[in-house]
Amino acid sequence: MLRHVVVVGASAAGLSAAESLRSKGYDGKLTLIGEEPHPPYDRPPLTKQVLSGVWEPERVVLRDQTAISKLDADVRLGQTAVGLDVSQRTLRLGPRTAGPDPARREPQSGQAGTGVEQLAFDGLVIATGVRARRLPGSELAGVHTVRTLDDALALRSALLSGPRVVVVGAGFLGTEVAAAARGLGLDVTLVDPGPAPLQRQFGVRVADLVAQTHSDHGVRLRMNSGVTRFVSTEGRVTGVELTDRTVLAADVVVVAIGAVPATEWLADSRLPIGDGLECDATCRAAPGIYAAGDVASWYNPRFDRRMRVEHRLNATEQGSAVAANLLGADQPFAPVPYFWSDQYDVRLQAYGIFPRDATTTVVHGDPSDRRFAVAYVENGTVVGVLGWNCPPRDLRALRQLVADRAPDLVGR
Ligand SMILES: Cc1cc2nc3c(=O)[nH]c(=O)nc-3n(C[C@H](O)[C@H](O)[C@H](O)COP(=O)(O)OP(=O)(O)OC[C@H]3O[C@@H](n4cnc5c(N)ncnc54)[C@H](O)[C@@H]3O)c2cc1C
């Protein structure tokens, strides 16, 4: 019987796991450990409403103090898990900090040191998410990443004082930052080694439209361009040098080149670490130890493959699923992943997976009307649908094709 469950990572997945444990009847001791000083908050608005100034930062908080109290948990914010002993079933915790942005600290080594505390558990949920990938020179003033609330607030304040913005990386975050910065009337250049924004995620057909949309809104695109270095004066960035030796002048540089799973603290644990913490289909990494959210790599039987999903809804669903499994359900976690992105007046919504070699078919509307949906077909099966300003009801119907792993009958 479980007497003490510890959840490491106090964000979307960790909160969901903690709440689900309680709602499913777990009445033992519960500890929620979060490295950031903030109570659990929502990240998607950071590059949308927070950066654009539409929301005050307080609105991103996921639960008020009353709801957190109802968890009847020992909530330890500003504390980092630095190591895990699987056989002894103990965690090592670093001292609590009150720093403004612990996520910017160097990852801890996992070695016990002064102030390190041991915490015993019977059940463990690992929900430590990912950390922003950085480039050499990221320590320069004026160079930003966006993963945390503090990152977003620092970037927002920089955008208000610097007119020339270079965004490095044209994935979801980079394109959203570019859109928000244009919304503030700034001079924005988007740089990426790929041929078009979001091409790696959604293929050529959609990426060309994304490129067109950003150009229409005045973003300068420097595609097929790598970054060789940041140019600086007295510790402050002044430009970005590209592989063709062009230097783009910049007051603010945003590095949005992806993220790495926050598993450094598990290095000595002997848990299987690959691209994330590797789990089985039930999200179990070892007996009584589960992973949820961006950090979890698990085998999704619906798509017959291992995956790691950096999507907001997945964090909640997987947190809930691991709570059930920790309490004995032992069910595979087989979702249809869902993601959305807001840029200008465009809402992209995606269900499923989008393999590079998938073929694409327009299954709803017309791209020239900027309101359509595309199905992605792999080995004769629909594995993904992407909606571009597609009415939710139509998109939900198309989602069913993915859930059913429908044969390629669409678009007839
Ligand atoms: C700016 C931004 C915009 C996004 N927009 C969208 C969107 O539009 N749509 C969408 O579907 N998804 C979006 N996402 C992705 C979504 O927010 C994530 O999938 C979700 O936050 C994952 O939740 P998580 O709990 O797994 O991880 P996280 O939210 O990353 O939380 C992990 C927590 O664990 C803490 N932690 C890490 N290591 C330790 C440790 N050793 N000890 C203690 N605590 C630790 C971290 O500090 C962090 O607070 C966005 C993400 C970002 C950053």
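Residues numbered from 1 in each chain as written. Predicted model: local features only at pLDDT ≥ 70, side-chain atom pairs only at ≥ 80, totals over all residues. Heavy atoms only, no water.

Undergrad: What should I look at first to understand the overall build of the chain in this one?
TA: Along the backbone of the chain there are 8 helices and 28 strands. Relative to its length of 412 residues, the chain is compact, with a C-alpha radius of gyration of 22 Å against a globular reference of 22 Å. With respect to the principal axes defined by its C-alpha atoms, the chain has extents near 60 × 60 × 40 Å. Pairs at least 24 residues apart make up 65% of the contacts formed inside the chain by residues separated by at least 6 positions. Of the roughly 17600 Å² of accessible surface on the chain, a fraction of 49% belongs to carbon and sulfur atoms. Taking the average place of the 45 positive charges on the side chains of the chain and the average place of its 46 negative ones, the gap between the two points comes to 1 Å. (Helix = DSSP H or I, 4+ residues; strand = E, 2+ residues; numbered from the N terminus. Rg over C-alpha atoms; globule rule 2.2 N^0.38 Å. Contact = heavy atoms within 4.5 Å. Areas by Shrake-Rupley, 256 points an atom, 1.4 Å probe, with all protein chains shown as cover. Lys, Arg positive; Asp, Glu negative; His and termini not counted. Charge placed at Lys NZ, Arg CZ, Asp CG, Glu CD.)

Undergrad: I keep staring at helix H6 (residues 199-216) and nothing clicks. Help me out?
TA: Every α-helical turn comprises 3.6 residues, leaving residues that sit three or four positions apart pointing alike. With 18 residues, H6 should cover 26 Å at 1.5 Å per step; its first-to-last C-alpha distance of 18 Å lies more than 12% under that length. A maximum bend of about 95 degrees is found in H6 at Arg-205. Buried within H6 we find Gln-201, Phe-202, Val-206, Ala-207, Leu-209, Val-210, Ala-211, Thr-213 and His-214. Buried residues in H6 make contact with helix H5 (172-183), strand E12 (220-222), strand E24 (338-343), strand E25 (346-352), strand E27 (371-378) and strand E28 (381-388). (Expected span 1.5 Å × (residues − 1). Bend = angle between axes of the 7 residues up to and from the residue. Buried < 20%, exposed > 50% of the residue type's maximum accessible area, 1.4 Å probe, protein only.)

Undergrad: For this particular structure, what's the right way to read the UniProt feature "domain: Reductase C-terminal" (unreviewed entry) in the chain?
TA: Residues given the UniProt feature "domain: Reductase C-terminal" (unreviewed entry) here are residues 338-407. Secondary structure content for residues 338-407 is 17% helix and 53% strand, while the C-alpha to C-alpha distance between its ends is 20 Å. (UniProt positions renumbered as here; feature names shortened; annotations may be inferred.)

Undergrad: What am I meant to see in H5 here?
TA: Spanning 12 residues, H5 covers 17 Å between terminal C-alpha atoms, matching the ideal 16 Å at 1.5 Å per step. Taken together, the buried positions of H5 are occupied by Phe-172, Gly-174, Thr-175, Glu-176, Val-177, Ala-178, Ala-179, Ala-180 and Ala-181.

Undergrad: Teacher, can you tell me more about the site of the ligand here?
TA: Around the ligand sit 35 residues in total, of which Ser-11, Glu-36, Arg-43, Lys-48 and Asp-294 are the nearest. At a separation of 2.9 Å, a nitrogen atom of the ligand approaches a polar backbone atom of Ala-81. Those elements that provide at least two residues to the shell around the ligand are helix H1 (12-23), strand E2 (29-34), strand E8 (130-132), H5, helix H7 (312-326) and E24. Residue composition of the shell around the ligand, grouped by class: 15 nonpolar, 10 polar and 10 charged. When residues of the shell around the ligand are assigned to domains, at least three fall in each of domain 1 (4-130 + 260-327) and domain 2 (134-257). (Near = heavy atom within 4 Å. Polar contact = N/O pair within 3.5 Å; in protein donor to acceptor, adjacent residues only side chain to side chain. Nonpolar A, V, L, I, M, F, W, Y, C, P; charged D, E, K, R; others polar. Domains from an automatic or database assignment.)

Undergrad: Explain the sheet that holds strand E10 (residues 164-168) here, please?
TA: The strands making up a sheet are joined through hydrogen bonds of the backbone, oriented either antiparallel or parallel. Across the sheet, 5 strands lie side by side as E9-E16-E10-E11-E12; this open sheet has parallel pairing. Bordering the open sheet on either side are strand E9 (143-144) and E12, each of which pairs with just one other strand. Note that strand E11 (residues 187-191) and E12 share 3 bridges and pair parallel. Counted as the bridge partner of Leu-190 is Leu-221 from E12. Docked against the sheet, helix H4 (residues 149-159) engages E9, E10 and strand E16 (252-255), running at close to 150 degrees with respect to E16. (Pairing = 2+ DSSP bridges. Axes fitted to C-alpha atoms, helices over the stretch in contact; angles between N-to-C directions.)

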